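Structural characterization, general
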Amino acid sequence: MSADPNCIFCKIVAGQIPSNKAYEDDEILAFHDINPWAPVHILLIPKLHVVSMADVGPEHAGVLGRMMVLAPQLMRALGVTGGFRQVINTGADGGQEVMHLHLHTFGGPRPWKRG
Ligand code: AMP
Ligand code: ZN
């Protein structure tokens with residue numbers, strides 16, 4: 001599925017819901033989490049609607065790899081120098097609330113609100 005009309009992150013990709021963007025290209029969007037757990041809390045998403053890591057196949061290897069490479073570049077650009085944490089929640093038992101695959105990347109000086 002390229003976009004799900006009921007998906008909040010697809011609506012952010014389409015510009016129907018505003019976001020504080022940190023990065024955008026043809027296939028990836030990164031934006032600041034609306035309820036940050038850390039001084040810097042970014043979500044990186046594929047623009048295509050992929051529900052979760054449980055739905056990933058070989059065709060997604062490229063975009064997932066680019067998301068992983070992009071995250072440290074964004075942390076550096078946002079002034080994170082002391083390390084960061086990356087999390088992908090998958091499915092109900094994995095604590096996933098928004099059903100569009102997203103890579104959380106948290107950074108900035110401790111203490112953090114959560115995580
Ligand atoms: P998860 O529990 O892994 O599905 O995380 C979903 C994340 O999306 C949470 O950290 C939310 O704060 C974040 N979130 C939900 N809606 C928005 C939004 N409109 N803009 C930015 N972040 C959002
Ligand atoms: Zn979506």
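One can find the structure itself at the top, above this paragraph.
Residues numbered from 1 in each chain as written. Chains lettered and ligands numbered in written order. Predicted model: local features only at pLDDT ≥ 70, side-chain atom pairs only at ≥ 80, totals over all residues. Heavy atoms only, no water.

Let us look at the site of ligand 1. Near ligand 1 there are 16 residues, and of these Asp33, Asn89, Glu97, His102 and His104 occur at the shortest range. Gly95 is positioned such that a nitrogen or oxygen atom in its backbone is 3.1 Å from an oxygen atom of ligand 1. At 2.8 Å, a side-chain N or O of His104 approaches an oxygen atom of ligand 1. Out of a free accessible area of 510 Å², ligand 1 has 86% covered by protein chains. (Near = heavy atom within 4 Å. Polar contact = N/O pair within 3.5 Å; in protein donor to acceptor, adjacent residues only side chain to side chain. Areas by Shrake-Rupley, 256 points an atom, 1.4 Å probe, with all protein chains shown as cover.)

What the 5 strands build is an open sheet, ordered β1-β2-β3-β5-β4; its pairing is antiparallel. The sheet is open, and its two borders are formed by β1 (21-24) and β4 (84-87), each paired with just one other strand. Each neighbouring strand pair of the sheet contributes to a mean axis angle of 15 degrees, computed without reference to strand direction. Pairing between β1 and strand β2 (residues 28-32): 3 bridges, direction antiparallel. Looking at the pairing, Tyr23 lines up with Ala30 of β2. Seen against the sheet, helix α2 (residues 61-77) touches β1, β2, β3 (40-46), β4 and β5 (103-107) and runs at an angle of roughly 155 degrees to β3. (Pairing = 2+ DSSP bridges. Helix = DSSP H or I, 4+ residues; strand = E, 2+ residues; numbered from the N terminus. Axes fitted to C-alpha atoms, helices over the stretch in contact; angles between N-to-C directions. Contact = heavy atoms within 4.5 Å.)

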